[in-house]
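Residues per chain, in single letters:
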Amino acid sequence: MADIAKLVEELSKLTVMEAAELSKALEEEWGVSAAAAVAVAGPAAAGGGEAAEEQTEFDVILTGDGGKKIQVIKEVRAITALGLTDAKALVEGAPKAIKEGVNKAEAEEIKSKIEAAGGTVELK
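The present account deals with the structure reproduced in this document. The residue numbering used here restarts from 1 in each chain and proceeds along that chain's sequence as written. Selection of residues for local features in this predicted model requires a pLDDT of at least 70, selection of side-chain atom pairs for listing and counting requires 80 or more, and totals for whole chains, interfaces and linings are taken over all residues. Side-chain metrics in this entry use all non-hydrogen atoms of the structure; hydrogen atoms and water are not considered.

## So, the sheet that holds strand β3 (residues 120-123)
Pairing between the strands of a sheet is mediated by backbone hydrogen bonds and can be parallel or antiparallel. Here is the rule we go by: One requirement defines pairing of two strands: DSSP has to find at least two bridges between them. For helices the rule is a DSSP run of H or I covering at least 4 residues; for strands it is a run of E covering at least 2, with both sets numbered from the N terminus onward. Axis angles are defined between N-to-C directions and span 0 to 180 degrees, where every axis is a line fitted to C-alpha atoms and, for a helix, only to the segment in contact. Contacts are residue-level and defined by heavy atoms, with any inter-residue pair within 4.5 Å sufficient.
One open sheet holds the three strands; their spatial order is β2-β1-β3, and the pairing between them is antiparallel. Of all the strands in the sheet, the pair left with one neighbour each is β2 (96-102) and β3. Taking the axes of each pair of neighbouring strands and ignoring which way they run, one obtains an average angle of 20° across the sheet. Bridge analysis of strand β1 (residues 58-64) against β3 gives four bridges, and the strand direction is antiparallel. Its bridge partner lying in β3, Ile-61 is registered against Glu-122. Across the sheet, helix α6 (residues 104-117) is in contact with β1, β2 and β3; its angle to β3 comes to roughly 165°.

Right, dumping it as structure tokens:
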């Protein structure tokens, strides 16, 4: 069996682009979709008895470009440090996550920047 600590250490060194490529490769290899797993897990987790606790981590989901694709792509690039091609693919593939697991303040800041550029955002 693989040494989990070494595996975690190696995965932590991946860039955002490399992590995205890894995700795609694993989806193809295993015949699954990470988006489907998140969609199924989301409502189940929200329905638990811990709903009274305040949410501390948010996913910032781009839901549309509002007809201002170029401005939204520029803002996505500034927020994520993605290259032009990847940022364009993210915006054109909306709804897609811009950032995941961020605190409320950062999520609200990202939302306001994207909305100022003309895009629409949802926090989950």
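Next comes the rest of the description.
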